[in-house]
2 protein chains.
Amino acid sequence: MADSASPSRRQFLLGGAAAATAGVALGVAGDRALLAAQHATKDPHGKTVEPFFGAHQAGIATDAQAYATLLAFDLRDETDRAALRRMMRILTDDAARLTQGVPALADSEPELALHPARLTITFGFGPEFVNRAEGAAPAWLAPLPSFKIDALQDEFSHGDFFVQVASDDPTTVAHAVRMIVKDTRGFAALRWQQRGFRHSHGTFKPGVTMRNLFGQVDGTANTVPGTGDFDHVVWSNEGWLAGGTSLVLRRIRMDLDTWDHVGRNDRELSVGRRLDTGAPLTGEEEHDALDLSATDAGGRPIIPPYAHARRARSDDPRERIFRRGYNYDDPPEPGEDENSGQLFVSFQADVDAQFVPLQRRLEELDLLNLWTTPIGSSVFAIPPGCREGGYIGETLLE
Amino acid sequence: MADSASPSRRQFLLGGAAAATAGVALGVAGDRALLAAQHATKDPHGKTVEPFFGAHQAGIATDAQAYATLLAFDLRDETDRAALRRMMRILTDDAARLTQGVPALADSEPELALHPARLTITFGFGPEFVNRAEGAAPAWLAPLPSFKIDALQDEFSHGDFFVQVASDDPTTVAHAVRMIVKDTRGFAALRWQQRGFRHSHGTFKPGVTMRNLFGQVDGTANTVPGTGDFDHVVWSNEGWLAGGTSLVLRRIRMDLDTWDHVGRNDRELSVGRRLDTGAPLTGEEEHDALDLSATDAGGRPIIPPYAHARRARSDDPRERIFRRGYNYDDPPEPGEDENSGQLFVSFQADVDAQFVPLQRRLEELDLLNLWTTPIGSSVFAIPPGCREGGYIGETLLE
């Protein structure tokens, strides 16, 4: 209705003779429209930047970029509190430059720094870092309690120092990772790198929920930055960590071969959502609320007791997390056909209060456990952001 | 000048009073321009498709997508000529569907097939494939002669059957690779996978030459599909391979740590081009021709004898190739900090006549050899395309 009314409204506004003249004007403006559209289509997003300085570190509330490399380091024996301060000053300087499309100091490939494509670099501390900094570690800053579903490998777990490098361009990620690794080298040894991806920038319209490699719409019920309880869920207000948060990383192998044997109906029952739209089995649209009490004609719950969507949900508003994970798909080991899964990443103010109860519910009875195995697990404290002239970690190290 | 003249021209066209009215018209058209620009910016490219059927296989002359996974398989003992025919019929059907955004038959995650983002799937045959097909193998279909710069690893080299899966979306690549691996499983075992990337779709304006992880503009002198000698360089006209070509894959490790010790001037001399623009040291713009005879005041050649750009060039028009490679950056091995380099991929009608002489010149005296090591090497015959109803390989297998 609005569309069909619109031409008449224009004619009314312009009047008869004026409308004829306006034809010429539209011709000129039409060219501009065309040019604008062409420019926009070809508008490169490589120069788009995310702010670095602020109350919180970037890369958490930031709309998730297409690629992320997560790194953990082991501190060298000689890296003491003063050395940690030097390290964090250097790395803050690197991140403040690189994220704004400016080469790092002594950048060996400065041209690779010029298109950040929303690059963010986010730092985190393990228990040993806080110990060497002579700071008070939150009670939750330790390996997670063991879960019976876990088959953890040391090569994907733990570490003293953590960095998340994320961008919409994989070459930018590779270059930034290299600069960070080089400048960390004197203080710490690389422990592991884990690489993840989502859909490319522009594959979908903005705001579409990602799919994981099982084909599921993944993350529908996530809290949204800038809305509702996000700030309460994510940001700590405890001591040096105020304005910071915690990160839980779980490397979850997905067994695509056994998942293949599961029919479409059973897949939807195991998740509690439809595969095509992500809508709950009790709803029509992706963002419809779950109706956990709904039953079928036989009195059975429509969303089964073992469904992931039911198990992941809590009535306790404290037991909420913010997920910001990635798919992974690495070269298979010799003799294997696949090496795929999810880098489950969550941020929450308190790991013990928010993440652990949720993970316990999933451990007890989540049908998805049949086709997934956690093979890596890490917890890091993510310090707050800093102002220009300051550095990440200053609330702990000064 | 053109910009400042433009308003007067408009005023002249519209006249005085009409110009006032036109202000309203521009207001309306201005909204449309804004809407068009917004729409274009948010226009998802996930649905963009590359044609599958044609005289040549897609994925060669196709403008290189952002991601590629290259796969090689070893044929099972029992896979005879009839089985190869079945395999290629099945895989052709998979590729014809997936590239058009249609799930494969029995696709276990059909939703992951709906956004091909210019997906192409390209098939190639090793010597053993042609042998089992009872066909005549071209003389060049064999491992390359050994070069003294090589440190080849079997895990990145050779194979009986080859597939290149490329798309602007990494999730699409992961899904298509999985479907291909599953449907090949009965006939052949996965030998290796190699993953590569270029800049993301949209990081730069279309047509910008990629940079490698040394920061160099890489591929300036490449022949361009649809122009000049491209068809002559690439497409074979020999027997069952007519309309096809050959693929050489070299996995070239780049030692970023030793490259770091090389100053900017020496880096530019080693390549013969400027790092910032990619222009030859004898020119101003990236696409300026090399002047190999130019000398400095002391009579020394401006582009040194050992420069890569000089060594890669030949006066013999036969010794030309078409490059379509990718950067790689895999998780480092334990105890190492990096695992980076280039998947050098070239297409040429005849490996012995076109690729080998060029590689010999680089082997003899290319300064870049100091910081690069070929660690994998493969040659495959790439059969022609097919029409709807046909299948890739039919010229060999029927």
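Please read these numbers as outputs of a predicted model, since none were measured by experiment. (Residues numbered from 1 in each chain as written. Chains lettered and ligands numbered in written order. Predicted model: local features only at pLDDT ≥ 70, side-chain atom pairs only at ≥ 80, totals over all residues. Heavy atoms only, no water.)

Caption draft 1: A look at the overall build of chain A. Counting secondary structure elements, chain A contains 11 helices and nine strands. When burial is assessed residue by residue, chain A has 55% of its 398 residues classed as buried. Put simply, of all contacts in chain A between residues at least 6 apart along the chain, 79% involve residues at least 24 apart. Per element, the accessible surface of chain A, about 16600 Å² overall, is 53% carbon and sulfur. (Helix = DSSP H or I, 4+ residues; strand = E, 2+ residues; numbered from the N terminus. Buried < 20%, exposed > 50% of the residue type's maximum accessible area, 1.4 Å probe, protein only. Contact = heavy atoms within 4.5 Å. Areas by Shrake-Rupley, 256 points an atom, 1.4 Å probe, with all protein chains shown as cover.)

Caption draft 2: Representation of the packing of helix H3 (residues 81-98) of chain A against helix H5 (residues 170-184) of chain A within the structure. Residue and element names in this part refer to chain A. Between H3 and H5, the shortest axis-to-axis distance is 10 Å and the interhelical angle comes to 165°. One way to sum up the angle between H3 and H5 is to call them roughly antiparallel. Between H3 and H5 lies a crossing whose hand is right-handed. Contacts between H3 and H5 involve Met 87, Ile 90, Leu 91, Asp 94 and Leu 98 from the first element and His 175, Ala 176, Met 179, Ile 180, Asp 183 and Thr 184 from the second. Of the residues contributing to the contact of H3 with H5, the split by class is seven nonpolar, two polar and two charged. (Axes fitted to C-alpha atoms, helices over the stretch in contact; angles between N-to-C directions. Parallel < 35°, antiparallel > 145°, perpendicular 65-115°, else oblique. Left-handed = near helix turned anticlockwise from the far one by under 90°. Nonpolar A, V, L, I, M, F, W, Y, C, P; charged D, E, K, R; others polar.)

Caption draft 3: Geometry of the UniProt feature "domain: Dyp-type peroxidase N-terminal" (unreviewed entry) in chain A. Cross-referencing UniProt, the feature "domain: Dyp-type peroxidase N-terminal" (unreviewed entry) maps to residues 57-198 of chain A in the present numbering. A distance of 21 Å separates the end C-alpha atoms of residues 57-198 of chain A, which is 27% helix and 23% strand. (UniProt positions renumbered as here; feature names shortened; annotations may be inferred.)

Caption draft 4: Structural view of the pattern of salt bridges. Counting across every chain of the model gives 50 salt bridges over all chains. Measuring nitrogen to oxygen at the nearest pair gives 3.3 Å for the salt bridge that ties B:Arg300 to B:Asp296. One network of salt bridges, in which partners are shared, links A:Glu109, A:Arg178, A:Lys182, A:Arg185, B:Asp257, B:Asp260, B:Arg267, B:Asp337 and B:Glu338. (Salt bridge = Lys/Arg side-chain N within 4 Å of Asp/Glu carboxyl O.)

Caption draft 5: Quick look at the environment of B:Pro145. Residues and elements named next belong to chain B. Within the fold, Pro 145 resides in the loop between helix H4 (127-132) and strand E3 (161-167). Relative accessible area serves as the criterion here: at 31%, Pro 145 is assigned to the partly exposed category. Residues Pro 145 and Tyr 67, 78 residues apart in the sequence, show an inter-C-alpha distance of 29 Å. In this structure Pro 145 touches Val 356 and Arg 360, once residues within four positions along its chain are discounted.

Caption draft 6: Local environment of the pairing of strand E5 (residues 245-254) of chain A. Residues and elements named next belong to chain A. Judged by how many residues are buried, E5 sits mostly within the fold: nine of 10 residues are covered. Relative to strand E9 (residues 372-382), E5 runs antiparallel, the two being bridged by 10 bridges. Following the sheet pairing, Thr 245 is matched in E9 by Ile 382. For E5 and strand E8 (residues 340-348), the ladder comprises eight bridges, and the chain directions are antiparallel. Note on E8: the bridge partner recorded for Ser 246 is Gln 348. (Pairing = 2+ DSSP bridges.)

Caption draft 7: Quick peek at the side chain of A:Thr223. Considering the arrangement of structural elements, one finds A:Thr223 in the loop between strand E4 (188-197) and helix H6 (230-234). At 3.1 Å, the side chain of A:Thr223 and the side chain of A:Asp229 are in polar contact. (Polar contact = N/O pair within 3.5 Å; in protein donor to acceptor, adjacent residues only side chain to side chain.)

Caption draft 8: Examining unusual backbone geometry more closely. For A:His158, which is not glycine, the phi torsion reads 60° and is therefore positive. Along the chain, A:His158 turns up in the loop between helix H4 (127-132) and strand E3 (161-167). The partly exposed category is assigned to A:His158, whose relative accessible area is 27%. A positive phi angle, near 60°, is found at B:Ala106, a position not held by glycine. Relative to the elements of secondary structure, B:Ala106 occurs in the loop between helix H3 (81-98) and strand E2 (120-125).

Caption draft 9: Spotlight on the environment of B:Gly124. With respect to the element layout, B:Gly124 can be found in strand E2. Leaving out residues up to four positions away in the same chain, B:Gly124 has contacts with B:Phe161, B:Phe162, B:Phe380, B:Ala381, B:Ile382 and B:Pro383.

Caption draft 10: A look at empty space enclosed by the protein. A full pass over the atoms with the stated rule returns six cavities of 30 Å³ or more. Space inside the largest cavity adds up to approximately 490 Å³. As for the largest cavity, its lining consists of 24 residues, and the residues nearest its centre are A:Arg195, A:Phe197, B:Tyr67, B:Arg195 and B:Phe197. Every element with two or more residues in the lining of the largest cavity is listed here: strand E1 (67-75), H5 and E4 of chain A together with strand E1 (67-75), helix H5 (170-184) and strand E4 (188-197) of chain B. In terms of residue class, the lining of the largest cavity is built from 14 nonpolar, four polar and six charged. (1 Å grid on protein atoms, 1.4 Å probe; cavity = no way out; pocket = protein on both sides within 12 Å on 5 of 7 lines; lining within 4 Å. Points joined across faces, edges and corners; volume = space filled by probe spheres on them.)

Caption draft 11: Main features of the environment of A:Ala55. Residue and element names in this part refer to chain A. Assignment of secondary structure puts Ala 55 in the loop between helix H2 (16-41) and E1. It is 21 Å that separates the C-alpha atoms of Ala 55 and Leu 84, two residues lying 29 residues apart in sequence. Setting aside chain neighbours within four positions, we find Ala 55 in contact with Gly 243, Pro 384 and Gly 385.

Caption draft 12: Quick look at H5(B). All names here are of chain B. For H5, built from 15 residues, the straight-helix expectation of 21 Å at 1.5 Å per residue is met to within 8% by its first-to-last C-alpha distance of 21 Å. The element H5 is largely enclosed, with a buried count of 14 among its 15 residues. Two or three places before Thr 171, at the start of H5, stands the capping residue Asp 169, its side-chain oxygen 2.8 Å from that residue's backbone nitrogen. (Expected span 1.5 Å × (residues − 1).)

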